[in-house]
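Below are the chains, spelled out letter by letter.
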Amino acid sequence: KEEKEAEEAEAEEKPAKEEPKKDEKSVEWAIFGLKPCVAMILYWLSNGLIYMNMSQWAPTYFQDEFGVTAAAAGSFLAMANFLHIPGNFASGLLESALMSRYTVVAIRRGMTLAAAASMGASSCLFGLAGSARQATAAFCLFVVGQQFNNCGVIPNFWELGGADAA
């Protein structure tokens, strides 16, 4: 009995063997070499940033190319950006309809391709527009095309990375 108590006392004095702690700030850089990660990075560099560039450049473009006021440029651009609201609902309905006919991977790939093609084409049309109305129509087409990402690359990002992907 005394031996058992002595062993218990000795065990309490010795700290349990701890597993080495992983540095919480360390980054597993090898992940950036994986095909899905490379594809995601290239997609956002080539396509995702188009919207940011167009949105920042568009007011100046409308003023310089078409001679409209800043307020008018804002109105033209607001029309296109409004399409995000119904577009989010429409893309959800579209994805639900496609789920009964296609695999998830086929939907993600097809919608990402559709988004890239329509965004690329409409950004060219935007730059070649001869009037503020044509540029607005091209920007509207761009926003509509961008909504395909809601069924393509955006949910794919969450499906691959999970809740901690952000």
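Scroll up for the structure.
Since the structure is predicted, the reported quantities are computational estimates derived from the model, not experimental observations.

Peer 1: Sorry if this is basic, but what is going on with the nonpolar core here?
Peer 2: Grouped together as the largest cluster of nonpolar side chains are 24 residues, with contacts concentrated most on F62, F66, F126 and F139. Filtering out sequence-adjacent residues up to four positions away, F126 remains in contact with M54, W57, A58, Y61, F62, A135, A138 and F139.

Peer 1: Even after reading the chapter, I still don't get a nonpolar patch on the surface, so can you show me in this structure?
Peer 2: Taken together, the side chains of V27, W29, I31, F32, L34, V38, I41, L42, L45, L49 and M52 define a hydrophobic patch exposed on the protein surface, amounting to about 1,000 Å² of accessible area. By the element assignment, L49 lies in helix α2 (residues 35-66). Judged by relative accessible area, L49 falls into the partly exposed class, the value being 39%.

Peer 1: Quick question: what am I supposed to make of the packing of aromatic side chains here?
Peer 2: What characterises a pair of aromatic rings is the spacing of the ring centres plus the angle enclosed by the ring planes. Going through the model one piece at a time under the given rule, you end up with eleven aromatic pairs. Their ring planes at 40° and their centres at 5.1 Å tell us that Y61 and F126 sit as a pair that is tilted. One end of the pair, Y61, is in helix α2; the other, F126, is in helix α5 (residues 104-128), with 65 residues separating them in the sequence. Taken as a pair, Y61 and F126 share a single burial class, namely buried. Considering the side-chain rings of F62 and F76, the 5.5 Å spacing of their centres and the 25° angle between planes classify their relative orientation as stacked. Of this pair, F62 sits in helix α2 while F76 is found in helix α3 (residues 70-82), placing the two residues 14 residues apart along the sequence.

Calculation rules
- Residues numbered from 1 in each chain as written.
- Predicted model: local features only at pLDDT ≥ 70, side-chain atom pairs only at ≥ 80, totals over all residues.
- Heavy atoms only, no water.
- Core = buried A, V, L, I, M, F, W, Y, C linked by side-chain atoms within 4.5 Å.
- Buried < 20%, exposed > 50% of the residue type's maximum accessible area, 1.4 Å probe, protein only.
- Contact = heavy atoms within 4.5 Å.
- Patch = residues over 30% accessible without salt bridge, like charges linked within 9 Å, V, L, I, M, F, W, Y side chains within 5 Å.
- Areas by Shrake-Rupley, 256 points an atom, 1.4 Å probe, with all protein chains shown as cover.
- Salt bridge = Lys/Arg side-chain N within 4 Å of Asp/Glu carboxyl O.
- Helix = DSSP H or I, 4+ residues; strand = E, 2+ residues; numbered from the N terminus.
- Phe/Tyr/Trp six-rings, centres within 6.5 Å; stacked < 30°, edge-to-face > 60°.

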